[in-house]
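# Geometric and topological summary
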Amino acid sequence: MTLACPMSLSKFPFDEHNCSISIGSYGHTVDRIDYSWVVYKSKTPVIVADNALHAGMNLVNVFTHETTAHLNTGEYKSIVGTLLLQRNPYSYKVSLFVPNILLGVLLGLSFLVSHRAPHARMLLLAVLVSLVIGQNYLALRNVPILPYRTCLDCWSYSMAAFCVLAVIGFAISTSVAQFKDCDMEEKLDSPRKLWKDPGTKTDLIFGSLYLVSFIIFQIAFWAMTLA
C-alpha cells in the first residue's frame, strides 16, 4: 500500500507531523472481525524500518489505539496507528542559523568602524551582506515551493532587512558627516568631544537601534519557533 500523510511545513525546518493510519472494516461487524494490536518481540506493535523515513526526519514516537463505531447495523472496530515525526534541524542550525547570528552581530558592530574610513567600512559591509545573502539563498534553494511562508522564509527575509538597515545606517552616517563644520577636526581634540561629531552620533544611534532590533527579533523568532 502507498499512503499519504498531509503535512504543514509552516514551521520548517522545525516542523513536526502526526501521520496516522486506520485499518478497519465496515462490511463485517466486530462479531466477525475483531481488530486489535498485538505486541511481539518489540515494545510497540508498529515496526518502522530504518530506511523507511526521509533522511531529514526522525521518528519520535508511535501511538496506537483502537476505536469502535456504533451504527444501526452493528459495531465496527478499527485500529489506528500514529507516527510522530520530527524534522532534524541540525544541518540548518550549523550551516545557516548560527553563522547568520554571528554575521548579524558583526553587522551591528560595523557601526563602531569610524565613518572617517568609509572605504574600509564599505568593504566590511559588502563582505558581511554577501555572506548573509549567500547562505540564505543556498538554504532556500533546497526548500520545496509552497503557497505559504515558512519559518525559514521569515528568517531569510528578516536577515535581508537587517542587511538593508546596516547599509542605510552607513549611508546616512556618511552623508551626515559630510555636512560637519570645516573646523570640526580641531574641535575633536578629546575623546569626550567625539559626541559632538554628527557622524559618530548617527553611528551610535543606528548601531544601538540595529542591535536592539536584532536581539528582539532573535528572542521573538526562537520563542515562537520552539514553542
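Residues numbered from 1 in each chain as written. Predicted model: local features only at pLDDT ≥ 70, side-chain atom pairs only at ≥ 80, totals over all residues. Heavy atoms only, no water.

Under the criterion given, the structure shown has 17 aromatic pairs. Measuring from ring centre to ring centre gives 5.7 Å for Tyr26 and Tyr76, while their planes differ by 35°; the resulting arrangement is tilted. Highlighted residues: Tyr26 in the loop between β1 (16–24) and β2 (57–71) and Tyr76 in strand β3 (residues 74–87), separated in sequence by 50 residues. The class of Tyr26 is exposed, set by a relative accessible area of 59%. Between Phe162 and Phe217 the ring centres are 5.7 Å apart and the planes differ by 55°, which places this aromatic pair in the tilted class. Of this pair, Phe162 sits in helix α3 (residues 151–178) while Phe217 sits in helix α5 (residues 198–225), placing them 55 residues apart in sequence. Residue classification places Phe162 among the buried positions, given a relative accessible area of 8%. (Phe/Tyr/Trp six-rings, centres within 6.5 Å; stacked < 30°, edge-to-face > 60°. Helix = DSSP H or I, 4+ residues; strand = E, 2+ residues; numbered from the N terminus. Buried < 20%, exposed > 50% of the residue type's maximum accessible area, 1.4 Å probe, protein only.)

This part is about helix α1 (residues 90–109). The terminal C-alpha atoms of α1, which comprises 20 residues, lie 27 Å apart, in line with the 28 Å expected from a rise of 1.5 Å per residue. Of all the bends in α1, the largest measures some 25° and sits at Phe97, one to four residues before the proline Pro99. For α1, the set of buried residues is Tyr92, Leu96, Phe97, Pro99, Asn100, Leu103, Gly104, Leu107 and Gly108. (Expected span 1.5 Å × (residues − 1). Bend = angle between axes of the 7 residues up to and from the residue.)

Side chains carrying opposite charge are able to pair once their charged atoms draw close together. Under the criterion given, the structure shown has four salt bridges. A salt bridge links Arg87 to Asp15; the shortest N-O distance between them is 2.8 Å. Placement of Arg87 in strand β3 and of Asp15 in the segment before β1 is noted, with a sequence separation of 72 residues between them. Just as Arg87 is buried, Asp15 falls in that class too. When salt bridges with common partners are traced through the structure, they connect Asp34, Glu66 and Lys77 into a single cluster. (Salt bridge = Lys/Arg side-chain N within 4 Å of Asp/Glu carboxyl O.)

With respect to the helices, strands and loops of the structure, Ser78 is situated in strand β3. A relative accessible area of 10% means that Ser78 is categorised as buried. Of note is the side chain of Ser78, whose polar atom sits 2.6 Å from the side chain of Thr67. (Polar contact = N/O pair within 3.5 Å; in protein donor to acceptor, adjacent residues only side chain to side chain.)

Judged by side-chain polarity, Val105, Leu106, Leu109, Leu112 and Leu211 come together as a nonpolar surface patch covering roughly 410 Å² of accessible area. Of the residues forming the nonpolar patch, the biggest block, three residues, is contributed by α1. As for its placement among the helices and strands, Val105 is situated in helix α1. Its relative accessible area of 34% is what places Val105 among the partly exposed residues. (Patch = residues over 30% accessible without salt bridge, like charges linked within 9 Å, V, L, I, M, F, W, Y side chains within 5 Å. Areas by Shrake-Rupley, 256 points an atom, 1.4 Å probe, with all protein chains shown as cover.)

Phe97, Leu107, Leu152, Trp155 and Tyr210 are the most contacted members of the largest nonpolar core, which has 28 residues in total. In this view, Trp155 contacts Leu96, Phe97, Asn100, Ile101, Asn136, Phe217, Gln218, Phe221 and Trp222; residues no more than four positions away in its chain are not counted. (Core = buried A, V, L, I, M, F, W, Y, C linked by side-chain atoms within 4.5 Å. Contact = heavy atoms within 4.5 Å.)

We now examine the environment of Ile47. Positionally, Ile47 belongs in the loop between β1 and β2. Judged by its relative accessible area of 69%, Ile47 is exposed. The sequence separation of Ile47 and Val62 amounts to 15 residues, and the corresponding C-alpha distance is 9.1 Å.

Rolled over the atoms, a probe as big as a water molecule pinpoints where empty space is left. Here the largest pocket defines a volume of roughly 520 Å³. Forming the walls of the largest pocket are 22 residues, and the residues nearest its centre are Leu3, Cys19, Leu53, Leu83 and Leu85. Of all elements in the fold, only β1 and β3 reach the threshold of two or more residues within the lining of the largest pocket. For the lining of the largest pocket, a count of residues per class yields 18 nonpolar, four polar and no charged. In terms of residue count, α5 provides more of the lining of the second largest pocket than any other element does, six residues in total. Tallied by class, residues from the lining of the second largest pocket come to seven nonpolar, six polar and three charged. (1 Å grid on protein atoms, 1.4 Å probe; cavity = no way out; pocket = protein on both sides within 12 Å on 5 of 7 lines; lining within 4 Å. Points joined across faces, edges and corners; volume = space filled by probe spheres on them. Nonpolar A, V, L, I, M, F, W, Y, C, P; charged D, E, K, R; others polar.)

The next thing to look at is the state of the cysteines. Applying the stated criterion to the full structure yields one disulfide. Counting only cysteine sulfurs, Cys154 is the nearest neighbor of Cys151, a cysteine outside any disulfide, at a range of 6.8 Å. (Disulfide = S-S within 2.5 Å.)

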